[in-house]
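Summary of structural features
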Amino acid sequence: MRNAPAFVTGEILDGIREWVEIESPTTDRDAVNRMVDKVAAGYGGTGATVERIPGTEGFGDHLLVTSPWGGDGPGILILSHLDTVHPIGFLERLPFKVEGDVAFG
């Protein structure tokens, strides 16, 4: 059995904070693309293939990320979105914070 790397809570929360603090309302193409840039860069050095698909009708880009992990075995499909529901500036009202075991943002 392979040893899994240990989770470092502080590092994980720092990464989550970075993502949360990139405000990316759906209708703000540049803001969404800042988030797309961040996510795409995060795959650097992982062996994954990152394909950036230009957005249409004024909306931000999409990412298609595939990995060699698992070889020829069945894959896992993960879907996500990189936009937020809140407008730019909402973080001033509802900033990222950690209280006890719970992170908010």
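Bear in mind the structure is a predicted one, so any value in this text is a computation, not a measurement.

So, about the overall build of the chain. A count of helices and strands for the chain gives 3 helices and 4 strands. Each helix and strand of the chain, placed in order from N terminus to C terminus, yields the pattern α-α-β-β-α-β-β. For 105 residues, the compact-globule formula gives about 13 Å, and the C-alpha radius of gyration of the chain, at 16 Å, lies well above that figure. Here the C-alpha coordinates of the chain stretch approximately 45 × 40 × 20 Å along the principal axes. The proportion of buried residues among the 105 residues of the chain is 16%. A fraction of 45% describes how many contacts in the chain between residues 6 or more apart in sequence connect residues 24 or more apart. Taken as a whole, the chain presents about 8,300 Å² of accessible surface, with 57% of it coming from carbon and sulfur. Separation of charge centres in the chain, based on 8 positive and 16 negative side chains, amounts to 2 Å.

This brings us to helix H2 (residues 29-42). An α-helix turns once per 3.6 residues; consequently, residues spaced three or four apart project the same way. Its 14 residues give H2 an end-to-end C-alpha distance of 20 Å, which sits within 8% of 20 Å, the value for a rise of 1.5 Å per residue. Turning to H2, its buried residues number three or more, namely Ala 31, Val 32, Asn 33, Met 35, Val 36 and Val 39. On its buried face, H2 sits against helix H1 (9-20), strand S1 (49-53) and strand S2 (62-66).

In this section: the packing of aromatic side chains. Evaluated as defined, the whole model comprises 0 aromatic pairs. The ring of Phe 104 carries the charged tip of Lys 97 above its face, separated from the ring centre by 5.4 Å.

In this section: the pattern of salt bridges. With the rule as written, the count across this model stands at 5 salt bridges. Linking Asp 61 and Arg 52 is a salt bridge whose minimum nitrogen-to-oxygen distance equals 2.7 Å. Where Glu 99 meets Lys 97, a salt bridge forms, and the shortest distance between an N and an O atom there is 3.2 Å. Through salt bridges with shared partners, a single network forms among Asp 37, Arg 52 and Asp 61.

Definitions and limits used
Residues numbered from 1 in each chain as written. Predicted model: local features only at pLDDT ≥ 70, side-chain atom pairs only at ≥ 80, totals over all residues. Heavy atoms only, no water. Helix = DSSP H or I, 4+ residues; strand = E, 2+ residues; numbered from the N terminus. Rg over C-alpha atoms; globule rule 2.2 N^0.38 Å. Buried < 20%, exposed > 50% of the residue type's maximum accessible area, 1.4 Å probe, protein only. Contact = heavy atoms within 4.5 Å. Areas by Shrake-Rupley, 256 points an atom, 1.4 Å probe, with all protein chains shown as cover. Lys, Arg positive; Asp, Glu negative; His and termini not counted. Charge placed at Lys NZ, Arg CZ, Asp CG, Glu CD. Expected span 1.5 Å × (residues − 1). Phe/Tyr/Trp six-rings, centres within 6.5 Å; stacked < 30°, edge-to-face > 60°. Lys NZ or Arg CZ within 6 Å of the ring centre and 35° of its normal. Salt bridge = Lys/Arg side-chain N within 4 Å of Asp/Glu carboxyl O.

Scope: geometric values only; no functional claims are made or implied.
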